[in-house]
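One letter stands for each residue in the lines below.
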Amino acid sequence: MSLAAEPSPPVQADGSRWRGSLASALIRRVAVLVAVTAIVLDIAAVLVARQVWLNGLDSDVQAAARTPPAVAAPSGQSGPYTSEVYLQVAHGMVARAFAFSRDQVATLNQEQINGLLSVRPDGKLHSIYVPELGTYRVMSQVTPVGQWVVGVSMRSVQAAVGSLIILELFLTVTAVIAAAVIAAAVVRRTLRPLTSLASTASRVAAMRLDQGEVQLERLSGPATNGASEVGWVGLAFNHMLDNVEDALVARHRSEAKVRAFVADASHELRNPLAAIRGYAELMSRDQDLPEQTAVAVNRIDVESRRMSKLVDEMLMLARLDEGTRVTSRPVDMGELLVNAVSDASVAGPDHHWKFDVPDEPLTVMGDENQLHEVVANLLGNARKHTPPGTHILATVRHVGPQVVLSVADDGPGVPEELQRHIFERFVRADQARTHDDEGSTGLGLSIVSAVVEAHGGTVTCESVPGATKFTVSLPQA
């Protein structure tokens, strides 16, 4: 199983990963904190300023109550805006009821008079709404000559409070935006070592660690500064990579030794096995051998041929694992498929063979012998694991920049639990792991996978009962 992974980069181009990052969360929280703090301070400032302005207005009301105007209200005069109101009641009758607005004087109507008379004459300040005039700060008191009511409009205080709210709203928005911008710069700079760590981890995770010699990238600079928490993580990450690299180096050395041993052993076993086959064939020519001896000689010949095939396949896999360069030359996959199907039809006359090859050549660059081994193994696999009468169709076609070869049959199919491991070595459909007389070794499909991968292609298997299909894709020459 491959240890390599294909993670997405820490920051995607569309910013979706950035929106869910730690940096964006910190920036949002800083902005929210600044906004909440500013709103609380704004509310406090408005309340304090309003109270200060209201105290000043109360002083004006008290001063107006001490010095009532000595003018009478002209009849028929009114104004749209008033700043002071006066009402004097003597002997139960309204003596004076008028309002001042800069240089205008207006007489109060009965509704306005009734509103002012509703204020308790306790000498304290009250806020009331005077119809058509607005909200006033009013004080009512009883004097030797009767009830005296005086009020000053709160319009100036309300206007000042409104202006203050607008100003604070503008300053708050500006402060939140400025805080977010500054926080973004500071957070990104502070988290830059962490971003470097994430990028390095992603590149390491994307490396092929399941084979070959591996050299892992390390962190450096601020990301390994032990004075910060991020630096601690960076140092621990480097230490982890050191241990992983040491383990991978040891694994690679062990695998290299095993491959070298398999290759050497396979190479050295070829000659003795060839000699055994030769002697077995020589002995089988003797017509005077006892029946039991003849059977034994025949089994020696069969098993020696199976062992020879196993040795050859192991030697090929060992050379492919070592990364032996593939001899590349143009190979017509159509012609190769036709020849392989012809050979397979002779070996399996009880199957129905068909092929579909286009008229134009479909050429790939590769080793003809190895590619023939791929096609022969796929056809042989379909023949060996399907009952007589099975229809087998082999096709090759051009799909984009690829030459796609497929071998399909209508046999019983590959068991579902076996499909994930079918290209692994020594995997067989029969759980008893028995061997047939043709020398099945369980390496055929693993050789297919190794050869196709060495040629820069891919191989897949799709199988359900009644429909099995192996597909090989190779780059077109």
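Structure shown above.
Computed from a predicted structure; not experimentally measured. (Residues numbered from 1 in each chain as written. Predicted model: local features only at pLDDT ≥ 70, side-chain atom pairs only at ≥ 80, totals over all residues. Heavy atoms only, no water.)

1. A short note on the overall build of the protein chain
Our working rule: Think of it this way: any DSSP run of H or I at least four residues long counts as a helix, any run of E at least two long counts as a strand, and we number them from the N terminus. Any two residues having at least one pair of non-hydrogen atoms within 4.5 Å are treated as being in contact. Surface accessibility in these figures is a Shrake-Rupley result with a 1.4 Å probe; residues are shielded only by whichever protein chains are displayed.
Within the protein chain one finds 11 helices and 13 strands. In the protein chain, of all internal contacts separated by at least 6 residues, the share reaching a separation of at least 24 is 64%. Just so you have it, the protein chain exposes about 27600 Å², and 58% of that area is on carbon and sulfur atoms.

2. Structural notes on the pattern of salt bridges
Selection criterion: Within this document, salt bridges are pairs made up of a side-chain nitrogen of Lys or Arg and a carboxyl oxygen of Asp or Glu, the two lying within 4 Å of each other. Think of it in three bands: with a 1.4 Å probe and only protein chains considered, a residue is buried below 20% of the maximum accessible area for its type, exposed above 50%, and partly exposed in between.
Enumeration according to the criterion identifies 2 salt bridges in this entry. A salt bridge links Arg137 to Asp58; the shortest N-O distance between them is 2.6 Å. Separated by 79 residues along the polypeptide, Arg137 in strand S5 (residues 134-143) and Asp58 in helix H2 (residues 22-66) bring together distant segments of the chain. With respect to burial, Arg137 and Asp58 carry one shared label: buried. In this structure, the salt-bridge partner of Glu368 is Arg329, at a minimum N-O distance of 3.1 Å.

3. Some details on empty space enclosed by the protein
Stated formally: For cavity detection a 1 Å grid was placed over the protein atoms alone, and a set of points counts as a cavity when a 1.4 Å probe fits there but cannot get out; an open set counts as a pocket when protein lies on both sides within 12 Å along at least five of seven lines, with lining residues being those that have an atom within 4 Å of a point. Grid points are joined across faces, edges and corners, and a volume is the space filled by probe spheres set on the points. Just so you know the grouping, Ala, Val, Leu, Ile, Met, Phe, Trp, Tyr, Cys and Pro go in nonpolar, Asp, Glu, Lys and Arg go in charged, and all remaining residues, Gly too, go in polar.
Here the structure, examined in full by the defined rule, presents 1 cavity of 30 Å³ or more. In this structure, the largest cavity occupies an estimated 30 Å³ of space. Along its surface, the largest cavity is lined by Val364, Met365, Leu371, His455, Leu474 and Pro475. Elements represented by at least two residues in the lining of the largest cavity include exactly strand S9 (363-366) and strand S13 (467-475). Residue composition of the lining of the largest cavity, grouped by class: 5 nonpolar, 1 polar and no charged.

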